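Here is what each chain is made of, one letter per residue.
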Amino acid sequence: ITSYYENVTQENIAEYLQKAIDAGNDLIFTTSPIFLRESLKAAIDHPEVKILNCSLNTSYKHIRTYYARMHEAKFLMGAVAGAMADNDRIGYVADYPIYGNIAGINAFALGAQMVNPRATVYLEWSRRTHPIPQSFFTEHGISIICGKDSTAPGMYDQQFGLYRRDGDAIWNMAMPVRNWGRFYEHMIRNVMNGSWKLDDEKDTTKGLNYWWGMSTGVVDVIVSRSLPLGTKRLVDLLRETICRRDFDPFRGVLYAQGGVCVQPEEHEALTPEQIITMDWLAENVIGEIPPFDTLIDAAKPLVTI
C-alpha cells in the first residue's frame, strides 16, 4: 500500500514525515536534498522506519540516499552536441553547483571532445544573481545549447535538454531521462526479499548510497528522430558499452582547466567519491564554478546542504 504527499517544502517536511509515519508507512522516500536533515532526524527517532533521501552527500548510517548517474546521460548528449556543432562551440546552462552536477558538466564536455577534439563548452549558471542573457550565446555564434533537463508539465518551453536555436525556432535533439519508478520498484523488492537487511549487515558504521545508472534502466537518453543516422548509431553504441561497463566516461587520462592532470593513469577510472565531489572543470570548458556569494538567495539553502 502506498501513500504520497504533495506541496512539501523545507519548512513543512518534518510535519509530513510524521504524518507518513503515523499513517503506518515503514518505507519512505523523501525526494529532494533539501529534505535531508529532517529525514535524518526522523530516521533517528524512528529506527523501525526505512527512510531514503534523494541526494548524494550523506554518510550517516541511520539513513540511506539514492540518486541517478546523470553524468552517463550527459556524456551521450555531449557526444551528440560535438557531432552537430558546426563551429565547435557549444553552450551549457547549469543550475546549482552541487554534488553530481559538476560531473554532468565534465562528462558532457568529454563526450563532445571525444567526437570533436576542437569542441569547446561555454558554461553559464541560471542561479547566479546576474545570469547571462540569451544574446550571449548568439553573440558568440553558439546555436547548440544544453539547458535544463526537462520542462515543467503544462508549460510550452522548448529550451530544455540539448537543443539547437535558429532565430526563434528550436529543435530539441536529445534529453536525459530519469526512470525513478524503476528505482522504487528495485528498492521495494530489496526490502521484501531481505536484501535490505543483508546490506545493513555488511557495514553498520557507514551510510549506504544507491547510485544507479544506465545499466539498471534508471537513466537513459531520448534522441530526436531527425538526428543523422550515424549520430543515432553512435548514441546506441555508447549506451551499450556503458551499460556493459565496457566504457566509463571518466576512465583514462583527464585534464582540468589550465592543463592540470587530474587523472594520470590511462587504464584507471575515477572512483565514485571522486566523481561525486568534483570541484574542477574539464580543459575544454570555458567558465567557472560560481562562488557561493554570487548565487541568488533561493539557491543558497540547497547549495549549503
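Just above sits the structure.
Quick caveat: nothing in here was measured; it's all calculated off a predicted structure.

Procedures and definitions
- Residues numbered from 1 in each chain as written.
- Predicted model: local features only at pLDDT ≥ 70, side-chain atom pairs only at ≥ 80, totals over all residues.
- Heavy atoms only, no water.
- Helix = DSSP H or I, 4+ residues; strand = E, 2+ residues; numbered from the N terminus.
- Buried < 20%, exposed > 50% of the residue type's maximum accessible area, 1.4 Å probe, protein only.
- Contact = heavy atoms within 4.5 Å.
- Lys, Arg positive; Asp, Glu negative; His and termini not counted.
- Charge placed at Lys NZ, Arg CZ, Asp CG, Glu CD.
- Axes fitted to C-alpha atoms, helices over the stretch in contact; angles between N-to-C directions.
- Left-handed = near helix turned anticlockwise from the far one by under 90°.
- Nonpolar A, V, L, I, M, F, W, Y, C, P; charged D, E, K, R; others polar.
- Expected span 1.5 Å × (residues − 1).
- Arc of directions from axis to C-beta.
- Pairing = 2+ DSSP bridges.

**Some details on the overall build of the protein**
Each helix and strand in the protein was counted, giving ten helices and 13 strands. With the C-alpha coordinates of the protein rotated into their principal frame, the extents come out at 60 × 40 × 40 Å. For the protein, with 305 residues in total, the buried portion stands at 45%. Relative to all contacts within the protein whose residues are 6 or more apart in sequence, the contacts with residues 24 or more apart total 64%. Between the mean site of the 29 positive side-chain charges and the mean site of the 37 negative ones, the protein shows a separation of 4 Å.

**Some points on the packing of helix α3 (residues 70–84) against helix α4 (residues 101–115)**
In a packed pair of helices, the relevant descriptors are the angle between the two axes and the axis-to-axis distance. Look at α3 against α4: their axes get within 6 Å of each other, and the N-to-C directions meet at 35°. Two packed elements cross with a definite hand, and for α3 against α4 that hand is right-handed. Residues H71, K74, F75, M77, G78, A79, A81, G82 and A83 of α3 pack against A103, G104, A107, F108, L110, G111, A112, M114 and V115 of α4. A per-class count over the contact of α3 with α4 returns twelve nonpolar, five polar and one charged.

**So, helix α6 (residues 180–192)**
In this model α6 runs 19 Å from its N-terminal to its C-terminal C-alpha over 13 residues, within 8% of the 18 Å that 1.5 Å per residue would give. Three or more residues of α6 are buried, namely F183, M187 and N190. Viewed along the axis of α6, the buried residues span an arc of 55°, placing them on a single side of the element. α6 presents R189 and M192 as exposed residues on the side facing more than 90 degrees away from its buried surface. One or two steps after α6, the chain reaches G194, where phi turns positive at roughly 95°.

**With respect to the environment of I28**
Structurally, the position occupied by I28 is in strand β1 (residues 27–30). Along the primary structure I28 and S39 are separated by eleven residues, whereas in three dimensions their C-alpha atoms are 9.3 Å apart. Those residues in contact with I28 that sit more than four places away from it in its chain are L17, A20, I21, V49, K50, I51 and L52.

**Points about the sheet that holds strand β7 (residues 162–166)**
Across the sheet, seven strands lie side by side as β10-β8-β7-β6-β4-β5-β13; this open sheet has mixed pairing. Among the strands making up the open sheet, the edge pair consists of β10 (219–223) and β13 (285–286). Against the sheet, α4 makes contact with β4 (89–94), β5 (120–125), β6 (144–146), β7 and β13, and its axis sits at roughly 170° relative to β4, the strand it touches most.

**A few points about unusual backbone geometry**
Notably, N7 is not glycine yet its phi reads approximately 55°, a positive angle. By the secondary structure assignment, N7 is in the segment before α1 (13–22). One non-glycine residue, R245, lies in positive phi territory at about 65°. With respect to the element layout, R245 can be found in the loop between α8 (229–243) and β11 (254–256). Classification of R245 as exposed rests on a relative accessible area of 60%.

**Brief notes about the sheet that holds strand β2 (residues 50–54)**
What the four strands build is an open sheet, ordered β1-β2-β3-β9; its pairing is parallel. At either end of the open sheet lies a strand with only one pairing partner, and these are β1 and β9 (209–212). Each strand axis lies, on average, 20° off the axis of its neighbour in the sheet, ignoring direction. In this sheet, β9 lies alongside strand β3 (residues 64–68) in parallel orientation, the contact comprising four bridges. Counted as the bridge partner of A68 is W212 from β9. Contacts between helix α2 (residues 36–45) and the sheet are confined to β1 and β2, with β2 contributing the most and set at about 170° to the helix.

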